[in-house]
Amino acid sequence: MNQTETRRPDFDFENFTFGVQSTDHMLMAAYQKGAWSTYRIAPVQSISLSPLAMCFHYGQTVFEGLKAFRMSNGKINVFRMESHWKRINRSLKRMAMPPLPEELFMEGIQQLLKQDSAWVIDDPEYSLYIRPFVIATEQKLGVDASQEYLFMVVLSPMRAYYNKPLKVKVETNYIRAARGGAGAAKNGGNYGASLLPQINAKKEGFDQIIWLDAKEKKFIEESGTMNILFILEGNRLVTPELSDSILDGITRDSLLKLAGEEGFSVEERPVSIEEICQRIENGERVEAFGAGTAAVISPIETISYQGKSFATYLAADAGMYRLKNRLSAVRIGVLPDKHGWNHLLDA
Ligand SMILES: *Cc1c(COP(=O)(O)O)cnc(C)c1O
């Protein structure tokens, strides 16, 4: 299918809310008797499941989030598709769910994108969000690993709106994930458990929370559903080192790998909240931002900790914007893809 055969859908690409509209098609594959079926691409439709299906009861649900872009050369780029495939399999493993074969994930998503290629419009501010997910479907109320699963992929248009710098609160009561837990997996339960603290923070006038480690409540882990990074003294990119309570973000990884090209040194190490507050209090220049596929980077404006507010550096010359622009430029083919991240399709 090529550009001349697919018509731009009757959809207002300028004005929409992210995540409520899907494209026209979805992918489905089923796991039964120890094997995945071949995938099927069908018009987006509701699915019917038994109320005994295990996904409703014991949390075996895993998802991914990646994006497709229209490149400056007209091709569709699925950014770091292989890294997302590897990560969904790590998440599935942690949740005792069967891995997805490379072909099913990679080929399936490419075919789905070809089918709905008219939804990947040529606009640098636009991307098509890809949501692969797996749910447990066996009918059984006993607590156990399901023997049956459904893999689905839906697509949803997304626009890079200007994101207002965030006022974040350091959460000192609730935690997101503990060592030995499942925080490094993109499984549904992690997000369900994060909603109440998030809502409480909103009521107090904050946009987002910073999670601390579960044991000492001393070290910074993530911000909301994003990784968190800092730029100290204008040229040191610092971020908490990965553990099984921190999600291995692909945006985080991309930024760390591009950092050298923008003249930053990289430090992956424990970062205590005391260190960050102390540096700001001493008048040092500290940039702070969240990183994730959805927004690439979300600048943080203030960090509130134990009732005190600490203001970060946000001026137009902040290094985080250079990093963001570099990553965006690689994704749409304006800068060379030195790391082999772009997965191009003719569609
Ligand atoms: C998905 C996610 C991220 C960001 O990962 P990306 O691969 O960069 O999108 C960070 N933290 C959590 C908790 C996440 O779920």
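Predicted, not measured: the structure shown is a model, and the values here were computed from it.

Conventions and cut-offs
- Residues numbered from 1 in each chain as written.
- Predicted model: local features only at pLDDT ≥ 70, side-chain atom pairs only at ≥ 80, totals over all residues.
- Heavy atoms only, no water.
- Near = heavy atom within 4 Å.
- Polar contact = N/O pair within 3.5 Å; in protein donor to acceptor, adjacent residues only side chain to side chain.
- Areas by Shrake-Rupley, 256 points an atom, 1.4 Å probe, with all protein chains shown as cover.
- Helix = DSSP H or I, 4+ residues; strand = E, 2+ residues; numbered from the N terminus.
- Nonpolar A, V, L, I, M, F, W, Y, C, P; charged D, E, K, R; others polar.
- Salt bridge = Lys/Arg side-chain N within 4 Å of Asp/Glu carboxyl O.
- Buried < 20%, exposed > 50% of the residue type's maximum accessible area, 1.4 Å probe, protein only.
- Patch = residues over 30% accessible without salt bridge, like charges linked within 9 Å, V, L, I, M, F, W, Y side chains within 5 Å.
- Axes fitted to C-alpha atoms, helices over the stretch in contact; angles between N-to-C directions.
- Parallel < 35°, antiparallel > 145°, perpendicular 65-115°, else oblique.
- Contact = heavy atoms within 4.5 Å.
- Domains from an automatic or database assignment.
- Buried area = accessible area lost by both parts, 1.4 Å probe.
- Phe/Tyr/Trp six-rings, centres within 6.5 Å; stacked < 30°, edge-to-face > 60°.

In this section: the site of the ligand. For the ligand, the set of nearby residues contains 15 residues, the closest of which are K186, Y191, E222, T251 and T293. In this structure, Y191 approaches the ligand through a side-chain N or O atom, which is 2.4 Å from an oxygen atom. Note that an oxygen atom of the ligand is positioned 2.8 Å from one of the backbone N or O atoms of I250. Protein chains bury 95% of the 380 Å² of accessible surface belonging to the ligand in isolation. Among the secondary structure elements, those contributing two or more residues to the shell around the ligand are strand 12 (226-232), helix 4 (250-258) and strand 15 (286-292). Tallied by class, residues from the shell around the ligand come to five nonpolar, six polar and four charged.

Our next topic: the pattern of salt bridges. Within this structure, the stated rule accounts for 27 salt bridges. The salt bridge partner of E267 is R236, with a shortest N-O separation of 2.7 Å. With E267 in strand 14 (residues 265-268) and R236 in strand 13 (residues 236-239), this pair connects stretches of sequence that are 31 residues apart. Given a relative accessible area of 19%, R236 falls into the buried group.

So, about a nonpolar patch on the surface. Taken together, the side chains of L52, Y58, L141 and V143 define a hydrophobic patch exposed on the protein surface, amounting to about 380 Å² of accessible area. Residue position: L141 is located in the loop between strand 7 (126-136) and strand 8 (149-159).

To continue, consider the packing of helix 4 against helix 6 (residues 319-331). Between helix 4 and helix 6, the least distance of the axes is 10 Å, while the angle of their chain directions is 105°. On the basis of their axis angle, the class for helix 4 and helix 6 is roughly perpendicular. Taking contact as the criterion, the partners of T251, S254, L255 and L258 in helix 4 are, on helix 6, L323, R326, L327 and V330. Here the residues of the contact of helix 4 with helix 6 are counted per class, giving five nonpolar, two polar and one charged.

This paragraph deals with the domain arrangement of the chain. Examined at the domain level, the chain breaks down into domain 1 (25-159) and domain 2 (166-331). When each unit is reduced to the centre of its C-alpha atoms, the spacing between domain 1 and domain 2 is 27 Å. Contacts between domain 1 and domain 2 engage 21 residues on the former and 19 residues on the latter. Counting each side, the surface lost to burial between domain 1 and domain 2 is near 1,700 Å², with a carbon and sulfur contribution of 58%. Linking domain 1 with domain 2 are two salt bridges. Across the salt bridge formed by D253 and R80, the nearest N and O atoms sit 2.8 Å from each other. At the junction of domain 1 and domain 2, the tally comes to 12 residue pairs in polar contact (both at pLDDT 80 or more).

Attention shifts here to the side chain of Q198. As for its position among the elements, Q198 is in helix 3 (residues 188-203). The exposure class of Q198 is buried, given its relative accessible area of 15%. Residue contacts for Q198: discarding those within four places in its chain leaves D207, Q208 and I209.

This brings us to the packing of aromatic side chains. This model, assessed by the stated rule, comprises 12 aromatic pairs. Judged by centre distance (5.2 Å) and plane angle (50°), the rings of F11 and F16 are tilted. When its relative accessible area of 11% is taken as the criterion, F16 is described as buried. Among the aromatic residues, those joined into a cluster by ring pairs are F11, F13, F16, W119 and Y126.

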